[in-house]
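This is what each chain is made of:
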Amino acid sequence: MLRITIDGPAGAGKSTVARELAQLLGYTYLDTGAMYRALALSALREGIEPDDEPSLAALLARLDLRFERGRIRLGDEDVVDEIRAPAVDRIVSVVAAHPRVREALVARQRALAQDGGVVVDGRDAGTVVLPQAECKFFLTASLDARADRRHRELLSQGLRVSIDAVRQEMSERDAMDEMRAVGALRVPEGALVVDTTGLSVAEVVHRLAEACRGRGA
Ligand code: DC
């Protein structure tokens, strides 16, 4: 049972690909972005400012954050949809930049992945969370392709925003994710880089599955 990591910028198709790859291999999917988002959602609800690291760390320490059948929950509440709200998008990179937040969530992620048989997606899955993972991938796509995917996702949720606003917000989030001091987005050593621009989900999953099978998955 391998450990598989998939990193890359927002909208590169990581979560869809990771979920399908996990299903294909009979592995568990661990969405680390959902954990940062759930913390950001909880901070919004409690009126904690995204730049208030001590309060966020304290909030996280008492947060009952778990996955049940692949769905993220805060205690008894399923927050799968709410963590994708634009209000969460706007603050999550700031929340995720704090070293104390990252340290605590990385520890939880390692514990969840310790038995292997996992597909972990995020920004630092192959560099920080599981640097010893047997199979590492880095998915990219052009900013236009990524903004287009995110825009469609928002429209399907009934949220009408312009593609320009989505592109702008996305490039700001990229910059924050790439420049932060801890857990910055970068290509992990030994990762296979796949540009998903113009590729279907099935094509990307196929390519990744082949690489994993070559390593014994
Ligand atoms: O993949 P996503 O869009 O759900 O991630 C939400 C935010 O969380 C993103 O702006 C960066 C941050 N994140 C992170 O810092 N580290 C991770 N391992 C996953 C996500």
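Owing to the predicted nature of the structure, the values given are computational and were not obtained by experimental measurement.

Engineer: Report on the overall build of the protein, specifying residues and quantitative values.
Structural biologist: When helices and strands are counted, the protein shows nine helices and eight strands. For the protein, the C-alpha radius of gyration of 16 Å lies close to 17 Å, the compact-globule estimate for 217 residues. When its C-alpha atoms are laid out on the principal axes, the protein stretches across 50 × 40 × 35 Å. Burial statistics for the protein: of 217 residues in total, 48% are counted as buried. In the protein, 76% of the contacts between residues at least 6 apart in sequence involve partners at least 24 apart. Total accessible area on the protein is roughly 10,400 Å²; 50% of this is exposed by carbon and sulfur atoms. Looking at charge distribution, the protein has the averaged site of its 30 positive side-chain charges lying 2 Å from that of its 34 negative ones.

Engineer: Please set out the sheet that holds strand 8 (residues 192–195) residue by residue, giving values where relevant.
Structural biologist: A sheet is described by the order of its strands in space; here five strands give the open sequence 2-6-1-7-8, paired in parallel fashion. This sheet does not close on itself; its edge strands, each paired only once, are strand 2 (28–31) and strand 8. Within the sheet, the average angular offset between the axes of one strand and its neighbour, ignoring direction, is 20 degrees. Across five bridges, strand 1 (residues 3–7) lies against strand 6 (residues 118–122) in parallel orientation. Counterpart to I4 in the pairing with strand 6 is V119. In the packing of helix 9 (residues 201–213) onto the sheet, the strands contacted are strand 1, strand 7 (135–140) and strand 8, and the crossing angle to strand 7 comes to about 160 degrees.

Engineer: Before we move on, can you summarise the packing of helix 3 (residues 53–61) against helix 5 (residues 99–113) with the specific residues and values?
Structural biologist: Packing of helix 3 against helix 5 leaves a shortest axis separation of 8 Å and a crossing angle of 20 degrees. Here helix 3 lies roughly parallel to helix 5, going by the angle between them. Residues E53, P54, L56, A57, L60 and A61 of helix 3 form the contact with helix 5, whose own contacting residues are P99, R100, V101, A104, L105 and R108. Each residue belonging to the contact of helix 3 with helix 5 can be placed in one class, and the counts come to nine nonpolar, no polar and three charged.

Engineer: Can you tell me about the environment of M176, naming the residues and giving the values?
Structural biologist: Take M176: it is sitting in helix 8 (residues 163–179). The spatial distance from the C-alpha of M176 to the C-alpha of R37 is 15 Å, given a sequence separation of 139 residues. Filtering out sequence-adjacent residues up to four positions away, M176 remains in contact with S93, V94 and A97.

Rules used in this analysis
Within any chain, residue numbers begin from 1 and follow the written order of that chain's sequence. Since the coordinates come from a predicted model, pLDDT governs what is reported: local features require at least 70, and pairs of side-chain atoms require 80 or more to be given and counted, while whole-chain, interface and lining totals use all residues. Side-chain measures were taken over the full set of non-hydrogen atoms in the model, leaving aside hydrogen atoms and water. Segments assigned H or I by DSSP are reported as helices when at least four residues long, segments assigned E as strands when at least two residues long, and all are numbered from the N terminus. We compute the radius of gyration over the C-alpha atoms and compare it with the globule rule, which gives 2.2 Å times the number of residues raised to the power 0.38. When accessible area is computed with a 1.4 Å probe and restricted to protein chains, residues below 20% of their type maximum are described as buried, those above 50% as exposed, and intermediate ones as partly exposed. Any pair of residues with heavy atoms lying within 4.5 Å of one another is described as a contacting pair. The method behind every accessible area is Shrake-Rupley, applied with a 1.4 Å probe, and residues are considered shielded solely by the protein chains displayed. Under this rule, positive means Lys or Arg and negative means Asp or Glu; His and the chain ends count for nothing. The atoms used to mark charge sites are NZ of Lys, CZ of Arg, CG of Asp and CD of Glu. When DSSP finds two or more bridges between a pair of strands, those strands are recorded as paired. Simply put, an axis is a line fit to the C-alpha atoms, just over the touching stretch for a helix, and the angle between two N-to-C directions goes from 0 to 180 degrees. For classification, angles of less than 35 degrees are called roughly parallel, those exceeding 145 degrees roughly antiparallel, those between 65 and 115 degrees roughly perpendicular, and all remaining angles oblique. By the convention adopted, Pro, Cys, Tyr, Trp, Phe, Met, Ile, Leu, Val and Ala count as nonpolar, Lys, Arg, Asp and Glu as charged, and the other residues, Gly among them, as polar.

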